[in-house]
Amino acid sequence: MSGKERLPVRGTQGDLLRLIATGQAESRAELARLSGLAASSVSLRVEELIGAGLLVEEGPGASRGGRRPRRLRLSPGAGLLAVADLGAQHARLGLLDLSGAPLVVEERPCDISLGPEATIDWIAAAFDDLMGRHAPPGVPLRGVGTGIPGPVDPATGRVVAPSRMPGWNGFPVAERLGGHFDLPVLVENDANLMAVGEARSWPGRDTLMAVKAGSGIGCGVIVNGTLHRGRGAAGDISHVRVSSDSSTACSCGHLDCLEAYASGAALRQVLREQGIPVERPADIVALVEDGVPEATALVRNAGRLIGDVLTVLVNFLNPDAIVVGGGLSSAEPLISAIRAAVYERCLPLATRDLEIGHSRSGPDAALLGAGSLLLDAVVG
Ligand SMILES: [Zn+2]
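Here the structure is a predicted model, which means the values were calculated and not measured.

1. Looking at the nonpolar core
In terms of nonpolar packing, the biggest core is built from 43 residues, with Leu 258, Ile 306, Ile 322, Leu 334 and Val 342 touching the most fellow members. When contributions to this core are tallied by element, the ones reaching two or more residues are strand E10 (208-213), strand E11 (217-223), helix H7 (258-262), helix H8 (264-273), helix H9 (281-289), helix H10 (293-317), strand E13 (321-325) and helix H11 (332-345). Considering every element that reaches this core, the biggest residue donor is H10, with 9 residues. Membership of the second largest hydrophobic core comes to 41 residues, among which are Leu 37, Leu 98, Ala 321 and Leu 375.

And the structure:
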């Protein structure tokens, strides 16, 4: 990460560690200046971080005139974070160092319909496997986390009424994962993680909405640099009712939800009914790129419906950016249709400086976001 790619500094231990780990600061004086904390508070937190084996102090740092400060660095053995981004049919898994940089990322097939126990135990085994193969000797695991493609209650780490995740409702994911590791555990909605991961790549745009268009539709909201969770449901646009001529049932039991028309799962269903075989959102993107008109029309319509929902949110929240990611997002008609709807229908003041763009962190955005939030849990 460059010096520009960061969330606003709030002054937690995690923030100070991140400033050192990403090379933005190397002395107590720089930490005080960047964090706005008093020098005495910085010194206290730095001593605690050194005591915990996360920072080391060495040699003279760069001269700022006068006394040469000693240089603070992330300890080479500070530790690793193991994170997962769970999808319907596959999971991305990664080990990150405490600066948030990935050491290794792998994608493996994983079927969440096997239920929560089997899936969480599989994640734990995959983390052990990655540590065994990639962690340098003696470097400890400091925290574990996973993104979930459904709503998560931040107070309990339980999944709440997810679509297309049979058996997961109310399941204590954090407790189960924590049973494998005596470490800080993060369980968070995948679109929220994507939003946090993306926020680092949109400098100067502190309020943004990250729309995840994959098998489902999710949205994470960053307000003034901080993830806005509400009580866990913030940003969940998938069950907003969209006007329509027919009445299509959604997996939530209501009629005409956005997800029932514009999600990758909904598009897959329609294409299959037209005799076009599709498994994953990436298959739909490939059809669009091959110029299959049924797929292009469906994706464009999905983008228009998502854009219509976003017009309300853009007028209401007035974000600096809308970031579109997820497996469907590389289909160009999707983002074009979102842009057209938002720019046509929103107030000029709301769109004057609004940027609508593709994900900049790519498929690892949720893993990077998980690392960022987990670091706060580890040292915060
Ligand atoms: Zn619904």
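Structure shown, so let's carry the discussion forward.
2. So, the coordination of the zinc ion
His 239 (ND1), Cys 250 (SG), Cys 252 (SG) and Cys 257 (SG) make up the full set of protein donors to the zinc ion, lying at 1.9 to 2.3 Å. With 4 donor atoms in place around the zinc ion and angles of 103 to 118 degrees between them, the coordination shape is tetrahedral. Counting the intervening residues between successive donors of the zinc ion yields the motif H-x10-C-x1-C-x4-C. Under the relative-accessibility criterion, Cys 252 is labelled partly exposed at 35%.

3. Some remarks on the pattern of salt bridges
Under the definition given, this model contains 25 salt bridges. Notably, a salt bridge pairs Arg 229 with Glu 188, separated by 2.6 Å at the nearest N-O pair. Here Arg 229 is found in the loop between strand E12 (226-227) and H7, whereas its partner Glu 188 is found in strand E9 (residues 185-189), with 41 residues between them in sequence. On the accessibility criterion, Arg 229 (27% relative accessible area) is partly exposed.

4. Looking at the packing of H8 against H10
In the contact formed by H8 and H10, the axes pass within 11 Å of each other and the chain directions differ by 150 degrees. Here H10 runs roughly antiparallel to H8, going by the angle between their axes. The handedness of the crossing between H8 and H10 comes out as right-handed. Between H8 and H10, the residues in contact are Leu 267, Val 270 and Leu 271 and Glu 294, Ala 295, Leu 298, Val 299 and Ala 302, respectively. Counted by class, the contact of H8 with H10 contains 7 nonpolar, no polar and 1 charged residues.

Reading the values: rules and limits
Residues numbered from 1 in each chain as written. Predicted model: local features only at pLDDT ≥ 70, side-chain atom pairs only at ≥ 80, totals over all residues. Heavy atoms only, no water. Core = buried A, V, L, I, M, F, W, Y, C linked by side-chain atoms within 4.5 Å. Buried < 20%, exposed > 50% of the residue type's maximum accessible area, 1.4 Å probe, protein only. Helix = DSSP H or I, 4+ residues; strand = E, 2+ residues; numbered from the N terminus. Donors = N, O, S within 2.8 Å, 3.2 Å for Na, K, Ca; no water. Tetrahedral: all angles 85-135°; square planar, octahedral: opposite > 155°, others 65-115°. Salt bridge = Lys/Arg side-chain N within 4 Å of Asp/Glu carboxyl O. Axes fitted to C-alpha atoms, helices over the stretch in contact; angles between N-to-C directions. Parallel < 35°, antiparallel > 145°, perpendicular 65-115°, else oblique. Left-handed = near helix turned anticlockwise from the far one by under 90°. Contact = heavy atoms within 4.5 Å. Nonpolar A, V, L, I, M, F, W, Y, C, P; charged D, E, K, R; others polar.

Function cannot be inferred from these measures alone, as they are strictly geometric.
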